[in-house]
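# Observations on chain architecture
The primary structure of each chain is shown beneath.
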Amino acid sequence: LCLSTAALPARADGPGDLQAQARSLHLADDPAWADLLQYEAHPLTRRLRSLADDPGFFNAPDGASNPAAELDATLARLFEPARPDDPDSHPQCRFPARLHWLRTRLGISTDTLPAQPCPRLEAWMAAINPAGATLVFPSAYVNSPASMFGHTLLRIDAVGQTEATRLLAYTINYAAKADASDGFSFALKGLTGLYPGMLSSSPYYVKVREYSDMESRDVWEYRLNLTPDETRQLLRHAWEIGATRFDYWFFDENCSYMILRLLDVARPGLRVSQQFRWTAIPVDTVKGLVGVPGLVSDVTFRPSAGTELAHRASRLDNAQMDAAITVADGHSPPASLGSS
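The shown structure was predicted, so the numbers you read here are calculated from the model rather than taken from an experiment. (Residues numbered from 1 in each chain as written. Predicted model: local features only at pLDDT ≥ 70, side-chain atom pairs only at ≥ 80, totals over all residues. Heavy atoms only, no water.)

Turning next to the nonpolar core. Ranked by internal contacts, the top residues of the largest apolar core, which has 68 residues, are Leu154, Ile172 and Leu263. When residues of this core are assigned to their parent elements, the largest contribution, 9 residues, is made by helix 10 (residues 255–266). Excluding anything up to four places from it in sequence, leucine 263 contacts Leu154, Leu224, Leu226, Leu234, Leu270 and Leu289. Counting 6 residues, the second largest nonpolar core, distinct from the first, contains Val136, Tyr204, Val208 and Tyr211. (Core = buried A, V, L, I, M, F, W, Y, C linked by side-chain atoms within 4.5 Å. Buried < 20%, exposed > 50% of the residue type's maximum accessible area, 1.4 Å probe, protein only. Helix = DSSP H or I, 4+ residues; strand = E, 2+ residues; numbered from the N terminus. Contact = heavy atoms within 4.5 Å.)

Right, dumping it as structure tokens:
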């Protein structure tokens, strides 16, 4: 029995169907799509262009400046055959935040796309076990020009986390991958975008030891009212940009600005990064987030070892201070403090 191919029904929800649906919904003009592609209006021409400086971040040849072409190309590539031998290179695994957003907006069912597991992404997400997020602000560190205005990063709080276990939570940190050995070269490259920005993830206790103990920086923690679903979308986008080069600029496209853009993706419509078009000084971005109604639910202060020492010293009288200094200088044994 022979059938004419013209009589066969077209595959439902194929790339063409979804592309047409996306056009009818004007998804390419949605600010959430712009956030996912790291688009920002050029300060002079006002035309959109992506902050990503890596062609691997795009699926269309002109995806860095054409939201509609990038949307069409992304939908087409999601239908590529599964890759059992190299699963994490599949577009579904490379761009999980875009996939999640498109599934939500277009109602793409799980059986529409090729079944493609993403073992590395799934293992990373399972290890973090996200339930919410906390913005972390270490104070200024004058010994580093890049941190002289403070720094911001995110702590991803785990399911069932308590105050006793929060040091085990993972962080999302964005920083310049600097290689200069002298201050002039470091400043010059940082001011002209010659360093690549690098996203990294490490346990919170490592960052606390670095900031509080080694650099004697006070740390403030701002718990954010993100839902578990929003936090997972934040992590999906962090996964997407983790392998992407961004030019790092000290005063605008810096650690704080990238953190704000992650939050914009986590909660479409937040767009808090748009408050900082010219500069993104860490302390100002913290104020911007605190100023968003209902976004920050709790604030915790973690004093540095130096701050704690100074506080304890302030409670000593003159004789006790002199005795402590004598011990610190090695002129008296520690046991002498107990007998004084």
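It is worth spelling out the pattern of salt bridges at this point. Tallied over the entire structure, the rule returns 18 salt bridges. Arginine 155 is paired through a salt bridge with glutamate 221; the nearest N and O atoms lie 3.3 Å apart. Separated by 66 residues along the polypeptide, arginine 155 in strand 4 (residues 153–158) and glutamate 221 in strand 7 (residues 219–224) bring together distant segments of the chain. Glutamate 221 shares its class with arginine 155; the two are buried. In this structure, glutamate 230 and arginine 267 form a salt bridge, with 3.0 Å as the shortest nitrogen-oxygen distance. Taken together, the residues glutamate 230 in helix 9 (residues 228–242) and arginine 267 in the loop between helix 10 and helix 11 (282–290) connect sequence positions 37 residues apart. For arginine 267, a relative accessible area of 23% corresponds to the partly exposed category. (Salt bridge = Lys/Arg side-chain N within 4 Å of Asp/Glu carboxyl O.)

Okay, empty space enclosed by the protein next. One simple way to see leftover space: roll a probe sized like a water molecule over the atoms. Applying the stated rule across the entire model yields 1 cavity of 30 Å³ or more. Taken as a whole, the largest cavity encloses approximately 40 Å³ of empty space. In this structure, the largest cavity is lined by Leu51, Tyr174, Phe246, Glu253, Asn254, Tyr257 and Met258. Considering only residue class, the lining of the largest cavity consists of 5 nonpolar, 1 polar and 1 charged. (1 Å grid on protein atoms, 1.4 Å probe; cavity = no way out; pocket = protein on both sides within 12 Å on 5 of 7 lines; lining within 4 Å. Points joined across faces, edges and corners; volume = space filled by probe spheres on them. Nonpolar A, V, L, I, M, F, W, Y, C, P; charged D, E, K, R; others polar.)

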